[in-house]
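Coordinates in review
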Amino acid sequence: MLTNAVRLYGKNDLRLEKFELPQIKDDEILAKVVCDSICMSTYKAAMQGADHKRVPDDVEKNPTIMGHEFCGVIEQVGAKWADQFKPGQKFAIQPNINYKGQPWAPGYSFKTIGGNATYIVIPGMFMECGCLLPYKGEDFFGGSLSEPLSCVAGTFKAMYHTTNGVYEHKMGIKEGGKMALLASVGPMGLAAIDYIMHTDRRPSLLVITDIDQTRLDRAASIFTKEEAARMGIDVHYVNTGATENPAEALLALTDGTGYDDVVAFAPVPVVIEQADAILGNDGCLNFFAGPSKKDFYAKLNFYNVHYASTHIVGTSGGNTDDMKECLEMMGENKLTPAALVTHIGGIDAVIDTTLNLPKIPGGKKLIYTHINMPLTAITEFEEKGKTDPMYKKLDELTKKTNGLWNKEAEDYLLNTLAKEEK
């Protein structure tokens, strides 16, 4: 099977190439990738090359396929898995396979599997670890976005609180407590807002901050105060860049008692120190944002660690159960994965998008691997539609859903461009 894929050869060295995949073995599966969403973790791998802990040392000679947030269709099943998987099934991948304690993951470590490809061969270890997951959604992009959603699900479950007088940790956020999500209207922050509003264990107060009013307004238009109130949550969107003393303003929303759970979504010292400053008694700070610098530091109030039992955790990715939960929630229409997506592109846009990801504003960049299309913001559809009928139609379809990507737009794009590329 011939595949078209973006492969990593070293630092800043990505190449879009066509090559032949090996014939599948009895314990492998051949699959078609439909879409992949580009993650900042992919950018870090592209920057670090073989220095990245998940990228093999010999990547220069044995390049790996990029992309780990993808969804597609099973094409051919090896004999070992014929009773569990069938051709035609939609699937999502849990990339944190943790196979025999190794850090390997698709999008970093493998020559035959990654999201930035048209076709892939899925090694047997993925099925052995239960990381090939059936996806029952009608669209494809939801399956692709189940991985980032699972990351935030794991974040909230990893937070904990103590029990007075007993050496015992209670895992998870404080139900009915006070929560702040700082610098949280980027793609992962939106995923966190969506999940925490619609999961079973929720806070009573939810404060969402950023320094970009436009992004805050967009988040507020998607996850409204009315929707939050319906779920029993008092939500506030706060521009900390417009506040002289952000910590003081945020504490005022709790009547000065502080927050039970705070999550920092930006690897910026001032954000972490702000998070630390607003913790209440037994408050848990989760440092979600992964820094690219190994010598990243921020100040922490150890007086409060000692006397107020404040504490810190960090999470990186979710597990298979988290992903299954998110796939199930999407199947029940409890989550809105389209809220994360701001840009659409084809496989020819992957390299430039990946290498310049920090410079591109907005949320998730969703790539459809069987089409060629420049990376385009959904907000640009209207202007481009003045001269291009395809963009005009995409603009009409996304406006039906408050400017969000949707199945109808996905179907139209695939039916229009995928046919042209054959």
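The structure this text deals with has already been given above.
Fair warning: this is a prediction, and the values are worked out from it, not measured in the lab.

Scoring rules and cut-offs
- Residues numbered from 1 in each chain as written.
- Predicted model: local features only at pLDDT ≥ 70, side-chain atom pairs only at ≥ 80, totals over all residues.
- Heavy atoms only, no water.
- Helix = DSSP H or I, 4+ residues; strand = E, 2+ residues; numbered from the N terminus.
- Polar contact = N/O pair within 3.5 Å; in protein donor to acceptor, adjacent residues only side chain to side chain.
- Contact = heavy atoms within 4.5 Å.
- Phe/Tyr/Trp six-rings, centres within 6.5 Å; stacked < 30°, edge-to-face > 60°.
- Pairing = 2+ DSSP bridges.
- Axes fitted to C-alpha atoms, helices over the stretch in contact; angles between N-to-C directions.
- Buried < 20%, exposed > 50% of the residue type's maximum accessible area, 1.4 Å probe, protein only.
- Core = buried A, V, L, I, M, F, W, Y, C linked by side-chain atoms within 4.5 Å.
- Salt bridge = Lys/Arg side-chain N within 4 Å of Asp/Glu carboxyl O.

Time to look at the side chain of Thr 112. Along the chain, Thr 112 falls in the loop between β6 (90-93) and β7 (119-122). Within polar-contact distance, the side chain of Thr 112 engages the backbone oxygen of Val 121 at 2.9 Å. Setting aside chain neighbours within four positions, we find Thr 112 in contact with Leu 21, Pro 22, Ile 65, Ile 120, Val 121 and Pro 123.

On to the packing of aromatic side chains. All told, the structure shown has 9 aromatic pairs when counted by the stated rule. With a centroid separation of 6.0 Å and 5 degrees between ring planes, the pair formed by Phe 156 and Tyr 195 is classed as stacked. Here Phe 156 is found in helix α3 (residues 141-158), whereas its partner Tyr 195 is found in helix α4 (residues 187-198), with 39 residues between them in sequence. Ring centres of Tyr 303 and Tyr 307 lie 4.8 Å apart, and the angle between their planes is 40 degrees; on these two criteria the pair is classed as tilted. Taken together, the residues Tyr 303 and Tyr 307, both in helix α9 (residues 302-307) and 4 residues apart, mark about one turn of the helix.

On the basis of which strands lie adjacent, the open sheet formed by 6 strands has the order β13-β12-β11-β14-β15-β16 and parallel pairing. Single-partner strands in this sheet number two, and they are β13 (234-239) and β16 (311-314). Here the average twist between neighbouring strands, direction ignored, is 15 degrees. Note that strand β11 (residues 178-182) and strand β12 (residues 205-210) share 4 bridges and pair parallel. Looking at the pairing, Leu 181 lines up with Ile 208 of β12.

As a further point, take the environment of Ala 153. For Ala 153, the location among the structural elements is in helix α3. Looking at Ala 153, the relative accessible area reads 0%, which means it is buried. Between the C-alpha atom of Ala 153 and that of Ala 192, which follows or precedes it by 39 residues, the distance is 7.6 Å. Apart from the residues lying within four places of it in its own chain, the contact partners of Ala 153 are Tyr 195, Asp 322, Glu 325 and Cys 326.

Turning our attention to the nonpolar core. Phe 156, Ile 344, Tyr 368, Trp 405 and Leu 413 are the most contacted members of the largest nonpolar core, which totals 72 residues. For this core, the element with the highest residue contribution is α4, accounting for 8 residues. Dropping the residues within four chain positions of it, Trp 405 is found in contact with Phe 141, Ala 338, Val 341, Ile 344, Leu 366, Tyr 368, Ile 378, Phe 381, Leu 394, Thr 398, Glu 410 and Leu 413. Counting residues in each nonpolar core, the second largest holds 30 residues, with Val 33, Phe 70, Ile 74 and Phe 110 among its members.

This next bit is on the side chain of Gln 274. Position of Gln 274 among the secondary structure elements: in helix α8 (residues 269-277). Classification of Gln 274 by relative accessible area gives buried; the value is 14%. Residues in contact with Gln 274, not counting those within four places in the same chain, are Leu 182, Thr 240, Pro 246 and Leu 250.

Proximity of charged atoms lets side chains of opposite charge pair with each other. Going through the model one piece at a time under the given rule, you end up with 17 salt bridges. The partner of Glu 69 in a salt bridge is Lys 364, with the nearest N and O atoms 2.8 Å apart. In this pair, Glu 69 sits in the loop between β4 (64-65) and β5 (70-77) while Lys 364 sits in strand β18 (residues 364-368), placing the two residues 295 residues apart along the sequence. What makes Lys 364 buried here is its relative accessible area of 4%.

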